[in-house]
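Overview (structure and organization)
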Amino acid sequence: THQVAANRRWAEDPAQAKARALELANKALALDPSGGAPYLLLAQISRYGGRYDEAIGFAEKGVALLPNIPVASTVLAGNLVAAGRPEEALAPLQRAKRFSPVTPANLIFVEGRAYHALGRYEEAITAFERARTRNPKGLLAVAFLAITYANAGRVEEARVAAQDVLKLSPGFSAKGFVGAFSYKDRTKSEHAIATLLQLGLPE
């Protein structure tokens, strides 16, 4: 909760929230070194701190300790996409699906991000539409749909998705939204922000 609040700029003092998240993750590991969940949290803390190799290492430890838990493989996949290794994200996502009879929206969303990063836009659109169906009020899939439709040259559909973004989040910020994904390659972030701005969404 502290990490999410810091990352999404909900915390009054993001630095303090990040420090608290790190403190609690380390405390949890001290209490139970065999626990996988703290490693997943440490992976996210490292990623948003710009330490991508460290983030992937922590996520891999989480998967090793929680091999049958879909969220662990999804966290690993998300970190691989952020680190610029989207092709490697597909295998853990397939693994997560095998252990998840009802595939959660977030897993499908991360799969869409992997396809998007690979330039496989039609597959990304299919994934984001499925994620949106699972969670109609979820902002993430709709915003990435707008970006991906635009990248695929489907401009009218991109504009419709952009308007849906504002319906879901009137205070939407292109920079704030894209910044939350913490891409290692900053040009990816810049391109995504530029696309959202071109669709008329607020900076």
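Our structure is the block above this text.
As the structure is a prediction and not an experimental result, all values here were calculated from the model. All residue numbers here refer to positions counted from 1 along the written sequence of the relevant chain. This being a predicted model, a pLDDT of at least 70 is required before a residue's local features are given, and a value of 80 or more before pairs of side-chain atoms are given or counted; all residues contribute to the totals for chains, interfaces and linings. Side-chain numbers come from the whole structure's heavy atoms, not from hydrogens or water.

Salt bridge, as used here, is a side-chain nitrogen of Lys or Arg placed within 4 Å of a carboxyl oxygen of Asp or Glu. Scanning the model with the defined rule gives eleven salt bridges in all. One salt bridge connects Glu157 with Arg154, and the closest N-O pair in it is separated by 2.7 Å. Measuring nitrogen to oxygen at the nearest pair gives 2.8 Å for the salt bridge that ties Glu203 to Lys175. Taken as a pair, Glu203 in the segment after helix 12 (186–198) and Lys175 in helix 11 (residues 174–179) lie far apart in primary sequence, 28 residues in all. What you see here is one network of salt bridges that share partners, running through Glu122, Arg154 and Glu157. To qualify as a helix, a DSSP run of H or I must reach at least 4 residues; to qualify as a strand, a run of E must reach at least 2; elements of each kind are numbered from the N terminus.

Tracing the sequence through the fold places Thr148 in helix 9 (residues 139–151). Here the side chain of Thr148 touches Phe144 through a polar contact of 2.6 Å, landing on its backbone oxygen. If sequence neighbours within four positions are ignored, Thr148 has contacts with His116, Tyr121, Ala124, Ile125 and Phe128. Pairs of N or O atoms within 3.5 Å make up the polar contacts considered here, provided that, within protein, one atom can donate a hydrogen while the other can accept it, and that residues adjacent in sequence are counted only when both atoms are side-chain atoms. The criterion used for residue contact is that any of the two residues' heavy atoms lie within 4.5 Å.

Next up on the list: the side chain of Ser73. Among the secondary structure elements, Ser73 is positioned in helix 5 (residues 70–82). Only protein chains enter the area calculation, which uses a 1.4 Å probe; residues under 20% of their type maximum are buried, those over 50% are exposed, and those in between are partly exposed. Assessed through its relative accessible area of 1%, Ser73 is described here as buried. Every residue in contact with Ser73, bar those within four places of it in the chain, is listed here: Val63, Pro92, Arg95 and Ala96.

Residues Phe109, Phe144, Phe172, Phe177 and Leu196 are the most contacted members of the largest nonpolar core, which totals 57 residues. Top element by residues in this core is helix 9. It accounts for eight residues. In this text, buried Ala, Val, Leu, Ile, Met, Phe, Trp, Tyr and Cys residues form a nonpolar core when linked through side-chain atoms within 4.5 Å.

Here Arg186 is to be found in helix 12. Separated by 133 residues in the primary sequence, Arg186 and Asp53 place their C-alpha atoms 16 Å from one another.

Another point: the packing of helix 5 against helix 6 (residues 86–98). To get an axis, fit a line to the C-alpha atoms, keeping to the stretch in contact for a helix; angles then go from 0 to 180 degrees between the N-to-C directions. Two elements in contact, helix 5 and helix 6, have axes whose closest approach is 8 Å; the angle formed by their N-to-C orientations is 170°. What the angle tells us is that helix 5 and helix 6 run roughly antiparallel. Across from Pro70, Ser73, Thr74, Leu76, Ala77, Leu80 and Val81 in helix 5, the residues of helix 6 making contact are Pro86, Glu88, Ala89, Pro92, Leu93, Arg95 and Ala96. Three categories are distinguished: nonpolar for Ala, Val, Leu, Ile, Met, Phe, Trp, Tyr, Cys and Pro, charged for Asp, Glu, Lys and Arg, and polar for the others, with Gly belonging to the last. The residue makeup of the contact of helix 5 with helix 6, split by class, is ten nonpolar, two polar and two charged. Any angle from 65 to 115 degrees is called roughly perpendicular, while one under 35 is roughly parallel, one over 145 is roughly antiparallel, and all others are oblique.

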